[in-house]
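Descriptive analysis of the structure
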Amino acid sequence: TLVEPGRIANFSLDEHRALNQHGQETLARLSAGKRGEVAFTLNDVRKAQQWLRGLFAQHDRAGHCERQALLEVTLEVVDTLRQYQRQEPQKADIVAKTLDQGFFDGSAGVTVRGELRMFVCHFYCISCLAALSNFARRFPQVRLSADYDDCWKTRLLDV
């Protein structure tokens, strides 16, 4: 049962369906893109989705492109770590601890470094800003640059 202030019903059929299928579409899409050769599982996808939570503001924004891009980058990291875990069994515990905690700052033994540049054609909604913040918190050694176009100005150019 879900309880939230201002909620009309305790549980809806749509929410039940979403909970049952949570992460399956993402796994299927990414798996198809790599011809079924992904090392991560449905459980890994669901964990990554939890790590990059946005805010629920009037409607679910989990499918926004900004969050999906961050999710795909995160799952690339998870995929690489799962492959490494299989190749280096003596380090499997370190990888497992890192993936269990979901922090890639070296605190569990794995540090992810790099640069991520993201550009979208409109300003970020509050939910996507929350997902960006969660990504930055979990990957503090990744330099994150986010920019956007002013859609109100560019939209006028189309007229």
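Position numbers for residues count from 1 along each chain, tracking the sequence in the order it is written. Confidence filtering applies because this is a predicted model: local features only for residues at pLDDT of at least 70, side-chain atom pairs given and counted only at 80 or more, and all residues used for totals across whole chains, interfaces and linings. As a convention, hydrogens and water are excluded, and side-chain values are obtained from all of the structure's heavy atoms.

This part takes up the nonpolar core. We define a nonpolar core as any set of buried Ala, Val, Leu, Ile, Met, Phe, Trp, Tyr and Cys residues linked to one another through side-chain atoms lying within 4.5 Å. Relative accessible area decides the class of each residue, using a 1.4 Å probe on protein chains only: under 20% of the type maximum gives buried, over 50% gives exposed, and in between gives partly exposed. Residues Leu 70 and Phe 104 are the most contacted members of the largest nonpolar core, which totals 29 residues. When residues of this core are traced back to their parent elements, those giving at least two are helix H3 (42–51), helix H4 (65–87), helix H5 (92–101), strand S1 (114–120) and helix H6 (126–138). Considering each element in turn, this core owes the most residues, six residues, to H4. What makes two residues a contact is simply this: any of their non-hydrogen atoms within 4.5 Å. Filtering out sequence-adjacent residues up to four positions away, Phe 104 remains in contact with Trp 51, Val 77, Leu 81, Thr 98, Leu 99, Val 110, Thr 111, Val 112, Arg 138 and Phe 139. Starting at the N terminus, helices and strands are each numbered in turn, a helix being any DSSP run of H or I of at least four residues and a strand any DSSP run of E of at least two.

This part is about H5. All of the buried residues in H5 are Ala 92, Val 95, Thr 98 and Leu 99. The buried residues of H5 occupy an angular sector of 130° when the element is viewed end-on, so they sit on one face. Seen from the buried face of H5, the exposed residues on the opposite side, beyond 90 degrees, are Asp 93 and Asp 100. In this structure, the buried side of H5 is in contact with H3 and H4. The arc in question is the one traced by the directions running from the helix axis out to the C-beta atoms.

As a further point, take the packing of aromatic side chains. Centre distance within 6.5 Å is the pairing criterion for rings of Phe, Tyr and Trp, where only the six-membered ring of Trp is used; planes under 30 degrees apart are then read as stacked, over 60 as edge-to-face, and the remainder as tilted. In this structure the tally under the stated criterion is four aromatic pairs. Between Trp 51 and Phe 104, the ring centres sit 5.6 Å apart and the planes meet at 70°, which makes this aromatic pair edge-to-face. One end of the pair, Trp 51, is in helix H3; the other, Phe 104, is in the loop between H5 and S1, with 53 residues separating them in the sequence. Across this residue pair, the class does not change: Trp 51 and Phe 104 are buried. With centroids separated by 6.1 Å and ring planes inclined at 90°, the aromatic side chains of Tyr 124 and Tyr 148 adopt a geometry described as edge-to-face. Taken together, the residues Tyr 124 in the loop between S1 and H6 and Tyr 148 in strand S2 (residues 142–148) connect sequence positions 24 residues apart. Take Tyr 148: its relative accessible area is 43%, and that puts it in the partly exposed class. Members of the aromatic cluster, connected to one another through ring pairs, are Trp 51, Phe 104, Phe 135 and Phe 139.

Here we take up H3. Those residues of H3 that sit buried are Asp 44, Val 45, Ala 48, Gln 49 and Trp 51. In an axial view of H3, the angular spread of the buried residues amounts to 155°, which keeps them on one side of the axis. Looking at the buried side of H3, the elements it contacts are helix H2 (24–33), H4, H5 and H6.

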